[in-house]
Amino acid sequence: MPIYEYRCERCQNEFESFVWSSRDEEAMECPRCGSKDVKKLMSSFASKAPLSSVLGSGCGTGGFS
Ligand SMILES: [Zn+2]
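What you see is a predicted model, and the numbers here were worked out from it, not measured in a lab.

Draft legend 1. Summary view of the environment of cysteine 30. Looking at the element boundaries, cysteine 30 is found in the loop between helix H1 (22–26) and strand E3 (38–40). For cysteine 30, a count of 20 C-beta atoms within 10 Å gives the class buried. Counting along the chain gives 20 residues from cysteine 30 to arginine 10, while the straight-line C-alpha distance between them is 8.9 Å. Not counting residues within four places of it along the chain, the set of residues in contact with cysteine 30 comprises Cys8, Arg10, Cys11, Asn13, Ser35 and Val38.

Draft legend 2. Spatial organisation of the sheet that holds E3. Read from one edge of the open sheet, three strands run E2-E1-E3, paired in antiparallel fashion. Edge positions in the sheet fall to strand E2 (14–18) and E3, since each of these pairs with one other strand and no more. When the angles between neighbouring strand axes are averaged without regard to direction, this sheet yields 35 degrees. Here strand E1 (residues 3–8) runs beside E3; their pairing, made up of three bridges, is antiparallel.

The rules behind the values
- Residues numbered from 1 in each chain as written.
- Predicted model: local features only at pLDDT ≥ 70, side-chain atom pairs only at ≥ 80, totals over all residues.
- Helix = DSSP H or I, 4+ residues; strand = E, 2+ residues; numbered from the N terminus.
- Buried ≥ 20, exposed ≤ 12 C-beta atoms within 10 Å, placed from the backbone.
- Contact = placed C-beta atoms within 7 Å.
- Pairing = 2+ DSSP bridges.
- Axes fitted to C-alpha atoms, helices over the stretch in contact; angles between N-to-C directions.

Remember that the coordinates give geometry; whether it matters functionally is a separate question.
What follows is the structure in structure tokens.
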């Protein structure tokens, strides 16, 4: 599923949303203040460490915060 993270440039709220098409992306708005001045961030999947490195570090509870 295409999940993207966004940050609102008006209220600095960060949120995640499904984006199925470029049309959805154009209509994206902040769920808090309703502003369309939102900026796409890197995918949450890409920003997390690979599973193998988490398993290799021990119990795996220290990798996410
Ligand atoms: Zn906002």
